[in-house]
Amino acid sequence: MDYNRIREKLSILADAAKYDVSCASSGSNRKNNSGGLGNSTGMGICHSYTEDGRCVSLLKILLTNHCIFDCAYCVTRKSNDIPRAAFKIQEVVDLTINFYRRNYIEGLFLSSGIFKSADHTMERLIAVARKLRLEENFNGYIHLKSIPGASDELMYEAGLYADRLSVNIEIPTISGLKLLAPDKRHEDFIQPMNKVKNEIIRYKDEVKANRHTPKYAPAGQSTQMIVGATGESDRDIMYSATHYYRNYGMKRVYYSGYIPVASDDRLPALGSQVPLVRENRLYQADWLLRFYGFSVKELLDEQKPFLDTDIDPKLSWALRNMHLFPVNVNTADKQLLARVPGIGIKGVHTILKARKHRALTWDHLSRFQLALNRAKYFITCASPDVYHRDREAGNLKELILHQSRSKYRHLHANQLSLFN
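Quick caveat, the model's predicted, so the values are computed rather than measured.

## What about the overall build of the chain?
- Helices and strands together make up the secondary structure of the chain, namely 15 helices and nine strands.
- Considering only contacts in the chain between residues 6 or more positions apart, those separated by 24 or more positions represent 67%.

Take a look at the structure:
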């Protein structure tokens, strides 16, 4: 094995993979004092989560950054003058096994540019996973990117070896995709999504009758949308996300702020990167839709198509619906408690459990995992103290922002937790 060439490929293809946020990435500073291959792996290590919630470190790379398409928003588009590289199938297998044995990683996140055809590329991705599973007896986590337009037969085989499959929808709307990637068809993204969804449903039905049925993509499927490359509003993006959750059984939709990589009249100007806070607000809204019972129309409408950047979506909704507050934590139902700013799902369960035994006071609530600096203006309890009296929404917003101590306050984001 030519270690210098492998190291060069790893540098190129790990860097190219960083634009895919379908697993949250963070660098690794592991050092190999003997000067071995491990010194160059920092940018290729990322973190993801298994179906049961465990955090795992993954080798995150592209099989190749050669691509037959010329999507305006993509750094690996065929017209971009960048260093190109491609791993051999066995090279990826060897890297994965060697990194695993050194305890650098627990799994593999493998994507690829599209070369020759969708099926040819998907076959090579599957070949890596098959070798790892059958020849190396590798039982670690494998996340494979589904190639748009790949055949149903290949998508079925991919799910037998991968824990999670994902195909990036890339641009949230069909019109945006036609503008920036005219060579791609929206149907080519939908086909593999639909196949994976149907196979997961079939597996769940068959395993009830035969527990030895081979597992199929046990961690489900996900997708990613690029935010800010075209003119879609947050409202457009959230309606698209809701569509994929509802119709394709997505485990997660990821939002990636567009980083300008080329000068193009169809794209934002170079240097105009999407603010990180916009990504964060979309993730918070996504969390509210999936776990808190909100609908898109409650958070955004034609008059308000973008999420606030200075306050989180739940607080924004509450300030627009002050007629529903305050709520009494000792009597309010679960759904309404979950809509109180500063009270997360875990906090709701704690309140419901505790109030069976006593009338809750501010002293009790201060011991729970609640953000009372916000919640206290929207609730009452058994204590006589009241914080909401005669508070206008505008004044209350300023008061809460003034009391914020978040390190992100300078970015106008006083709540960056995904859980409240």
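## Notes on helix H10 (residues 313–320)
- Among the eight residues of H10, seven are classified as buried, and the element is accordingly described as predominantly covered.
- Within the sequence span of H10, burial applies to Pro313, Lys314, Leu315, Ser316, Trp317, Ala318 and Leu319.
- Measuring from the side-chain oxygen of the N-cap residue of H10 to the backbone nitrogen of Lys314 gives 3.1 Å; that N-cap residue is Asp312.

## Observations concerning the side chain of Arg133
- Its location among the elements puts Arg133 in helix H3 (residues 118–135).
- One polar contact links the side chain of Arg133 to the main-chain carbonyl oxygen of Tyr161, over a distance of 2.8 Å.
- If sequence neighbours within four positions are ignored, Arg133 has contacts with Phe138, Asn139, Gly140, Ile142, Tyr161 and Asp163.

## Comments concerning the pattern of salt bridges
- Counting across every chain of the model gives 20 salt bridges.
- Between Asp188 and Arg185 there is a salt bridge, with its nearest N and O atoms 2.8 Å apart.
- Assessed through its relative accessible area of 46%, Arg185 is described here as partly exposed.
- One continuous salt-bridge network, built from bridges that share partners, spans Lys195, Glu199, Arg202 and Glu206.

## Comments concerning the side chain of Lys9
- Tracing the backbone through its elements, the reader meets Lys9 in helix H1 (residues 3–17).
- The contact partners of Lys9, leaving out residues within four places of it in the chain, are Ala14, Ala85, Ala86, Phe87, Lys88 and Glu91.

## Brief notes about helix H12 (residues 345–354)
- Every buried residue of H12 is accounted for by Gly347, Val348, Ile351 and Ala354. In an axial view of H12, the angular spread of the buried residues amounts to 140°, which keeps them on one side of the axis. In H12, the exposed positions angled more than 90 degrees off the buried face are occupied by Lys346 and Lys353.
- In this structure, the buried residues of H12 make contact with helix H11 (334–337) and helix H13 (362–365).

## Describing the environment of Ile97
- Along the chain, the position of Ile97 falls in helix H2 (residues 89–101).
- In sequence terms Ile97 and Gly107 are ten residues apart; their C-alpha atoms lie 9.1 Å from each other.
- Setting aside chain neighbours within four positions, we find Ile97 in contact with Leu132, Glu136 and Phe138.

## A closer look at the environment of Ile105
- Assignment of secondary structure puts Ile105 in the loop between H2 and strand S3 (107–111).
- In this structure, the C-alpha to C-alpha distance between Ile105 and Cys46, residues 59 residues apart in sequence, is 8.8 Å.
- When near neighbours in sequence (up to four residues on either side) are disregarded, Ile105 contacts Ile45, Ser57, Leu58, Leu59, Thr96, Phe99 and Tyr100.

## What to know about the nonpolar core
- Counting 122 residues, the largest nonpolar core has Tyr73, Tyr255, Leu365, Phe378 and Ile379 as the members making the most contacts within it.
- Among all residues touching Tyr255, those that are not within four sequence positions of it are Val21, Met225, Val227, Ile237, Met238, Ala241, Glu279, Leu282, Tyr283 and Asp286.
- Residues Leu58, Phe109, Tyr141 and Ala219 belong to the second largest nonpolar core, which totals six residues.

## A closer look at the packing of helix H4 (residues 152–161) against helix H6 (residues 186–209)
- Here H4 crosses H6 at 50°, and the two axes come no closer than 9 Å. Relative to H6, H4 is oriented oblique. Regarding H4 and H6, the two cross each other, and that crossing is right-handed. Seen from H4, the contacting residues are Asp152, Met155 and Tyr156; seen from H6, they are Gln191, Pro192, Lys195, Val196, Glu199 and Arg202.

## Describing the packing of aromatic side chains
- Taken as a whole, this structure holds eleven aromatic pairs when the rule is applied.
- Taken together, the ring pairs in this structure connect Phe294, Trp317, Phe325 and Phe378 into an aromatic cluster.
- Just above the ring of Phe69 sits the side chain of Lys184; from NZ or CZ to the centre is 5.4 Å.
- The lysine or arginine in question, Arg339, covers the ring of Trp317, its NZ or CZ lying 5.1 Å from the ring centre.

Rules used throughout
Residues numbered from 1 in each chain as written. Predicted model: local features only at pLDDT ≥ 70, side-chain atom pairs only at ≥ 80, totals over all residues. Heavy atoms only, no water. Helix = DSSP H or I, 4+ residues; strand = E, 2+ residues; numbered from the N terminus. Contact = heavy atoms within 4.5 Å. Buried < 20%, exposed > 50% of the residue type's maximum accessible area, 1.4 Å probe, protein only. Polar contact = N/O pair within 3.5 Å; in protein donor to acceptor, adjacent residues only side chain to side chain. Salt bridge = Lys/Arg side-chain N within 4 Å of Asp/Glu carboxyl O. Arc of directions from axis to C-beta. Core = buried A, V, L, I, M, F, W, Y, C linked by side-chain atoms within 4.5 Å. Axes fitted to C-alpha atoms, helices over the stretch in contact; angles between N-to-C directions. Parallel < 35°, antiparallel > 145°, perpendicular 65-115°, else oblique. Left-handed = near helix turned anticlockwise from the far one by under 90°. Phe/Tyr/Trp six-rings, centres within 6.5 Å; stacked < 30°, edge-to-face > 60°. Lys NZ or Arg CZ within 6 Å of the ring centre and 35° of its normal.

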